[in-house]
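Now for the letters of each chain:
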Amino acid sequence: DAGVTQSPTHLIKTRGQQVTLRCSPKSGHDTVSWYQQALGQGPQFIFQYYEEEERQRGNFPDRFSGHQYPNYSSELNVNALLLGDSALYLCASSLRGRNEQFFGPGTRLTVL
Amino acid sequence: AQTVTQSQPEMSVQEAETVTLSCTYDTSENNYYLFWYKQPPSRQMILVIRQEAYKQQNATENRFSVNFQKAAKSFSLKISDSQLGDTAMYFCAFHFYGSGNTGKLIFGQGTTLQVKP
């Protein structure tokens, strides 16, 4: 049973560029959440997708957007990258109504 | 505001000994879950243990147990018989349900635990 997968593993971008991160949820899961984890800090909630719609959003600017596909996979897009966007981006999947979230290995984004 | 505080940035313990990680949280909600997650150096976040706030009995998972004090809003993690593989960063987290919340996890800053041989 495949767990949560994310791609790419690492990514280096320059300021002002745009980036797309991808996530495939654990088999049977229908809900995907995205988190940003700065070095040495706890993860911060970005948003959550269910039934292809953004259901809840954290305190992140509109530069952060997402999408969920009919197969429940999800993308996180960040426009106009800033140095402060450098972080580990974690995807977590769950089954709607269940409280446990399963995390992927993350994508390490470095903005130069 | 919903917050989680882990007051111990770093801790160490000798192999086979017991260690307790502290966590306090602040919320005005009554319905919520509490979690401890482990993040080894390989980065994958793994759920260690969970506690439903409406349950008075403390959760236990093998060598891991919690001390849940709802009135004090305290949720500590005890690791017994520590093993080298327990070396990791540990995060305390919670999410409340209802009121339009769909499961947003709120994390603490983390405690880095090193188990020494």
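Scroll up to find the structure.
Quick caveat: nothing in here was measured; it's all calculated off a predicted structure.

Focus on the overall build of chain B
On a plain count of helices and strands, chain B comes out with zero helices and twelve strands. Going residue by residue from the N terminus, the α and β elements of chain B occur as β-β-β-β-β-β-β-β-β-β-β-β. Over its C-alpha atoms chain B spans a radius of gyration of 14 Å, differing by no more than 12% from the 13 Å that the globule rule assigns to 117 residues. With 117 residues in all, chain B has 49% of them scored as buried. In chain B, 56% of the contacts between residues at least 6 apart in sequence involve partners at least 24 apart. When the accessible surface of chain B is split by element, carbon and sulfur atoms take 44% of a total near 5,700 Å². Between the averaged position of the 10 positive side-chain charges in chain B and that of its 9 negative side-chain charges there is a distance of 5 Å.

Notes on the overall build of chain A
For chain A, the helix and strand inventory stands at zero helices and eleven strands. Scanning chain A from its N terminus toward the C terminus, one meets helices and strands in the order β-β-β-β-β-β-β-β-β-β-β. A globule of 112 residues ought to have a C-alpha radius of gyration of about 13 Å, and chain A, at 13 Å, matches this closely. For chain A, the C-alpha atoms occupy an extent of roughly 40 × 25 × 25 Å along the three principal directions. Looking at chain A as a whole, 51% of its 112 residues qualify as buried.

Thoughts on the interface of chain A and chain B
Across the contact, 24 residues belong to chain A and 21 residues belong to chain B. Between chain A and chain B, the buried area comes to about 1,900 Å², and carbon and sulfur atoms account for 44% of it. Per-residue buried area on chain A facing chain B is highest for Gln56(A), Asn99(A) and Phe103(A); these three make up 31% of the total on that side. Along the contact surface separating chain A from chain B lie one salt bridge. The salt bridge partner of Glu100(A) is Arg50(B), with a shortest N-O separation of 2.7 Å. Listed by contribution, the elements that provide at least two residues to the side of chain A that touches chain B are β4 (31–37), β5 (44–50), β6 (53–57) and β9 (87–94) of chain A. Along the lines of polarity and charge, the residues of the side of chain A that touches chain B split into eight nonpolar, twelve polar and four charged.

A short note on the packing of aromatic side chains
Given two aromatic rings, one states the distance between the centres and the angle between the planes to describe the pair. The tally for this structure, following the rule as stated, stands at 17 aromatic pairs over all chains. Members of the aromatic cluster, connected to one another through ring pairs, are Tyr35(A), Phe45(A), Phe103(A), Tyr33(B), Phe35(B), Tyr37(B), Phe91(B), Tyr97(B) and Phe107(B). Over the face of the ring belonging to Phe102(A) we find Lys26(A), whose NZ or CZ atom lies 5.2 Å from the ring centre. Lying across the ring of Tyr50(A), Arg96(A) places its NZ or CZ 4.2 Å from the centre.

Some words on the side chain of Gln6(B)
All names here are of chain B. Within the fold, Gln 6 resides in the loop between β1 (3–5) and β2 (10–14). The exposure class assigned to Gln 6 is buried, which follows from its relative accessible area of 7%. A polar contact is formed between the side chain of Gln 6 and the backbone nitrogen of Cys 92, at a distance of 3.0 Å. With residues up to four places along the chain from it excluded, the contact list for Gln 6 reads Ser 22, Trp 36, Tyr 90, Phe 91, Cys 92, Gly 108, Gln 109, Gly 110 and Thr 111.

Focus on the sheet that holds strand β7 (residues 64–68) of chain A
Residue and element names in this part refer to chain A. The four strands lie next to each other as β1-β3-β8-β7, forming an open sheet whose pairing is antiparallel. This sheet does not close on itself; its edge strands, each paired only once, are β1 (5–7) and β7. Each strand of the sheet is rotated relative to its neighbour by a mean of 20°, with strand direction disregarded.

So, how was this worked out
- Residues numbered from 1 in each chain as written.
- Chains lettered and ligands numbered in written order.
- Predicted model: local features only at pLDDT ≥ 70, side-chain atom pairs only at ≥ 80, totals over all residues.
- Heavy atoms only, no water.
- Helix = DSSP H or I, 4+ residues; strand = E, 2+ residues; numbered from the N terminus.
- Rg over C-alpha atoms; globule rule 2.2 N^0.38 Å.
- Buried < 20%, exposed > 50% of the residue type's maximum accessible area, 1.4 Å probe, protein only.
- Contact = heavy atoms within 4.5 Å.
- Areas by Shrake-Rupley, 256 points an atom, 1.4 Å probe, with all protein chains shown as cover.
- Lys, Arg positive; Asp, Glu negative; His and termini not counted.
- Charge placed at Lys NZ, Arg CZ, Asp CG, Glu CD.
- Buried area = accessible area lost by both parts, 1.4 Å probe.
- Salt bridge = Lys/Arg side-chain N within 4 Å of Asp/Glu carboxyl O.
- Nonpolar A, V, L, I, M, F, W, Y, C, P; charged D, E, K, R; others polar.
- Phe/Tyr/Trp six-rings, centres within 6.5 Å; stacked < 30°, edge-to-face > 60°.
- Lys NZ or Arg CZ within 6 Å of the ring centre and 35° of its normal.
- Polar contact = N/O pair within 3.5 Å; in protein donor to acceptor, adjacent residues only side chain to side chain.
- Pairing = 2+ DSSP bridges.
- Axes fitted to C-alpha atoms, helices over the stretch in contact; angles between N-to-C directions.

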